[in-house]
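Residue-level structure breakdown
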Amino acid sequence: MRFAALPLLFAPLLAQAATLSVCTEASPEGFDVVQYNSLTTTNASADVLMSRLVEFDPQRGQLVPGLAERWEVSADGLSYTFHLRQGVTFHATDYFKPSRPLNADDVVFSFRRMLDPTNPWHKVAQSGFPHAQSMQLPSLIKSVDKLDEQQVRFSLNKPDATFLATLSMGFASIYSAEYADQLMKAGTPEKLNAQPIGTGPFVFRRFQKDATVRYAANPDYFGGKPGVDGLVFAITPDANVRLQKLRRGECQIALSPKPLDVRSAAGDKNIRVIETPAFMTAFVGINSQHPPLDKPQVRQAINLAFDKQSYLKAVFEGSATAADGPYPPNTWSYARNLPAYSHDPQKAKALLAEAGLADGFKTTIWTRPSGSLLNPNPSLGAQLLQADLAKVGIQAEIRVIEWGELIRRAKAGEHDLLFMGWAGDNGDPDNFLTPQFSCASVQSGLNFARYCNADLDKLISDGKSHTAQGERTALYEKAQQLIREQALWLPLAHPTAFALTRTNVEGYQVSPFGRQDFSRVRLN
């Protein structure tokens with residue numbers, strides 16, 4: 001009887017000892033998320049390892065408490081006081097054992113390293129702080145001050161209607177000041193990017209580039225222990241292979257499936273298709289600093305030469321709607337009355353002639369090797385653009401560049417035409433405008449059009465200084481008109497976000513913003 005009872009005693013433990021394997025499309029660039037801007041890196045670091053003062057709940061469409069249980073905003077909008085949760089612990093690993101819970105020192109450290117050029121940690125980030133710079137935080141935030149162990153005050157130089165929402169972005173994750181001190185004293189600050197520490201639902205274990213990232217559940221997570229004991233990102237660039245692994249049960253979730261794979265999976269009784277309209281825009285960034293792309297007529301000609309409907313049918317296979325500007329149509333302040341660029345090769349040729357380029361010119365098209373939600377078939381998409389441009393006299397060479405290298409070189413402004421995509425983090429329209437079209441973002445590298453214009457910059461800045469949605473909408477509609485007139489992008493598509501899961505997966509939801517939450521996932 002005694003031995004017979006043992007399986008019953010241990011059954012709950014065995015049931016909980018489940019590892020969730022997720023097939024992802026690319027390796028993260030690193031784990032110090034403040035240095036990077038790609039969703040791949042945010043998903044592998046901020047989403048699983050880190051927490052922020054506030055979080056954005058996509059289901060409710062609103063900001064909710066994170067590490068801060070509450071906050072107050074002064075009447076003039078210049079002061080934000082955050083009250084931190086009690087007893088939140090940082091991860092304990094073989095390379096770091098925290099001696100205290102989260103406190104105000106950690107918040108102050110996390111922001112001052114990005115804002116203060118004299119901070120010793122400011123120089124450690126080899127890639128800089130692209131989000132903080134493009135969101136203009138150094139000029140916005142006057143100071144970050146510790147009021148006591150559990151209170152922090154942010155003082156701003158001017159009111160900013162987007163400030164709270166910005167704090168929910170991945171780059172605003174809170175780091176351990178104690179761990180940072182340990183690394184700096186040891187002379188190994190670079191380990192912050194390779195051996196991360198956070199307060200999130202999972203604890204980092206190890207990373208093998210282009211193969212796997214392994215995590216363990218954080219039993220002390222303030223949001224409650226995750227429903228699985230382990231998490232593995234199985235890095236699988238080929239979407240077809242991701243689907244095959246899912247069918248074999250090697251992965252329980254497959255991200256960024258091709259539209260054809262979604263249709264195929266829909267007929268498999270062992271697979272569940274999950275979808276939501278994505279708050280994202282796929283586009284081709286046109287480098288306005290590279291002649292002759294610096295001429296508006298040339299950028300307009302590229303828009304007119306492209307057969308967008310054929311592209312959508314071939315690449316997205318009915319899973320996306322046409323993009324006419326930076327915003328998805330469900331964004332408040334979306335300028336519905338702006339005309340889209342039609343497919344008009346003859347008019348494109350006339351504009352090239354007007355720009356002194358009747359005989360055309362040579363350029364390059366950059367794209368990634370593997371598919372993603374915002375670019376399901378990179379090779380085909382680039383070939384379609386190449387063929388359409390050739391019809392109006394533009395000879396474009398396609399260059400396929402590995403994702404991490406592509407991002408690094410594009411941020412440096414080396415590209416001509418760049419297949420890219422952008423996902424809003426929090427539903428605010430500024431989350432598209434400031435990172436992609438502000439002058440500060442040219443310096444940080446996120447503005448892939450490399451366009452700095454005083455009038456556009458003022459519209460974006462003024463839009464953040466107002467709190468009334470109507471006033472902001474009027475400014476943002478003018479900004480969209482200028483962006484269209486200057487043809488800074490070749491807008492492509494607003495995709496549907498899909499994920500494929502095994503039927504034994506419970507609690508997983510697809511975020512319209514591309515963020516990943518595995519803390520509530522369970523395996524039956």
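The structure contained in this document is the topic of the report that follows. Since this is a predicted model, take the numbers as computed values, not measurements.

Turning our attention to the overall build of the protein. Within the protein, the secondary structure is distributed over 19 helices and 20 strands. Taken over C-alpha atoms, the radius of gyration comes to 24 Å for the protein, in line with the 24 Å a tight globule of 524 residues would show. Counting only C-alpha atoms and orienting by the principal axes, one finds that the protein spans roughly 85 × 55 × 45 Å. By the burial criterion, 59% of the 524 residues in the protein qualify as buried. Look at the contacts in the protein between residues 6 or more apart in sequence, and 71% of them connect residues 24 or more apart. Just so you have it, the protein exposes about 21200 Å², and 50% of that area is on carbon and sulfur atoms.

Judged by nonpolar contacts, the single largest core of 116 residues is most densely connected at Leu53, Phe111, Phe154, Tyr215, Tyr508 and Phe518. Ranked by residue count, the leading element in this core is helix α4 (residues 104–115), at seven residues. With sequence-adjacent residues up to four places away left out, tyrosine 508 is seen in contact with Ile253, Leu255, Ile274, Ala499, Thr501, Gln516, Asp517, Phe518 and Val521. By size, the runner-up hydrophobic cluster in this structure holds 33 residues, among which are Phe279, Ile407, Leu459 and Leu488.

Let's shift gears to the sheet that holds strand β4 (residues 68–73). If you trace the four strands from one edge of the open sheet to the other, you get β4-β5-β7-β6, paired in antiparallel fashion. Sheet topology places β4 and β6 (141–148) at the edges, where each strand pairs with a single neighbour. On average, adjacent strands in this sheet sit at an angle of 20 degrees to one another, irrespective of strand direction. Direction of pairing for strand β5 (residues 79–84) relative to strand β7 (residues 151–156): antiparallel, over a ladder of five bridges. Bridge pairing in β7 places phenylalanine 82 opposite valine 152. Of the strands in this sheet, β5, β6 and β7 are in contact with α4, which crosses β6 at around 165 degrees.

Counted at 1.5 Å a residue, the expected span for α4 with its twelve residues is 16 Å, and the 17 Å between its end C-alpha atoms agrees. Of all the twelve residues making up α4, ten are buried; the element is thus mostly covered by neighbouring parts of the structure. Taken as a whole, α4 has its buried residues at Ala104, Asp106, Val107, Val108, Phe109, Ser110, Phe111, Arg113, Met114 and Leu115. Tucked into the core, α4 has its buried residues touching β5, α5 (130–134), α6 (137–140), β6, β7 and α8 (177–186). Where α4 begins, the capping side chain belongs to asparagine 103, and its oxygen is found 2.8 Å from the backbone nitrogen of aspartate 105.

What the rule picks out here adds up to two disulfides. Two residues share a disulfide in this structure: cysteine 23 and cysteine 251, whose sulfurs sit 2.0 Å from each other. Disulfide cysteine 23-cysteine 251: torsion about the S-S bond near 70 degrees, hence right-handed. Separated by 228 residues along the polypeptide, cysteine 23 in strand β1 (residues 19–24) and cysteine 251 in the loop between α9 (239–248) and β11 (253–255) bring together distant segments of the chain. The burial state of cysteine 23 is the same as that of cysteine 251; both residues are buried. Paired through a disulfide, cysteine 439 and cysteine 452 show a sulfur-sulfur distance of 2.0 Å. A torsion of 95 degrees about the S-S bond marks the disulfide between cysteine 439 and cysteine 452 as right-handed.

Okay, the pattern of salt bridges next. Under the criterion given, the structure shown has 22 salt bridges. Note that lysine 225 is salt-bridged to aspartate 229, the shortest N-O span being 2.6 Å. A relative accessible area of 41% places lysine 225 in the partly exposed class. Shared partners join several salt bridges into a network, and the residues in it are Asp47, Asp425 and Arg515.

Next up on the list: the pairing of strand β16 (residues 394–400). The side chains of a regular strand alternate between both faces of the sheet. Here strand β15 (residues 361–367) pairs with β16 via seven bridges, running parallel. Within the sheet, the bridge partner assigned to threonine 363 lies in β16 and is alanine 396. Considered for its hand, the β-α-β crossover made up of β15, helix α14 (residues 378–390) and β16 is right-handed.

This part takes up the packing of aromatic side chains. Scanning the entire structure with this criterion turns up 23 aromatic pairs. Summarising the aromatic geometry, the rings of phenylalanine 56 and phenylalanine 513 are spaced 5.3 Å apart at their centres and angled 75 degrees between planes, so their arrangement reads as edge-to-face. With phenylalanine 56 in strand β2 (residues 54–57) and phenylalanine 513 in the loop between β19 (505–506) and β20 (522–523), this pair connects stretches of sequence that are 457 residues apart. Across this residue pair, the class does not change: phenylalanine 56 and phenylalanine 513 are buried. Between phenylalanine 233 and phenylalanine 518, the ring centres sit 5.9 Å apart and the planes meet at 75 degrees, which makes this aromatic pair edge-to-face.

Parameters and conventions
- Residues numbered from 1 in each chain as written.
- Predicted model: local features only at pLDDT ≥ 70, side-chain atom pairs only at ≥ 80, totals over all residues.
- Heavy atoms only, no water.
- Helix = DSSP H or I, 4+ residues; strand = E, 2+ residues; numbered from the N terminus.
- Rg over C-alpha atoms; globule rule 2.2 N^0.38 Å.
- Buried < 20%, exposed > 50% of the residue type's maximum accessible area, 1.4 Å probe, protein only.
- Contact = heavy atoms within 4.5 Å.
- Areas by Shrake-Rupley, 256 points an atom, 1.4 Å probe, with all protein chains shown as cover.
- Core = buried A, V, L, I, M, F, W, Y, C linked by side-chain atoms within 4.5 Å.
- Pairing = 2+ DSSP bridges.
- Axes fitted to C-alpha atoms, helices over the stretch in contact; angles between N-to-C directions.
- Expected span 1.5 Å × (residues − 1).
- Polar contact = N/O pair within 3.5 Å; in protein donor to acceptor, adjacent residues only side chain to side chain.
- Disulfide = S-S within 2.5 Å.
- Salt bridge = Lys/Arg side-chain N within 4 Å of Asp/Glu carboxyl O.
- Right-handed = clockwise from strand over helix to strand, strands pointing away.
- Phe/Tyr/Trp six-rings, centres within 6.5 Å; stacked < 30°, edge-to-face > 60°.

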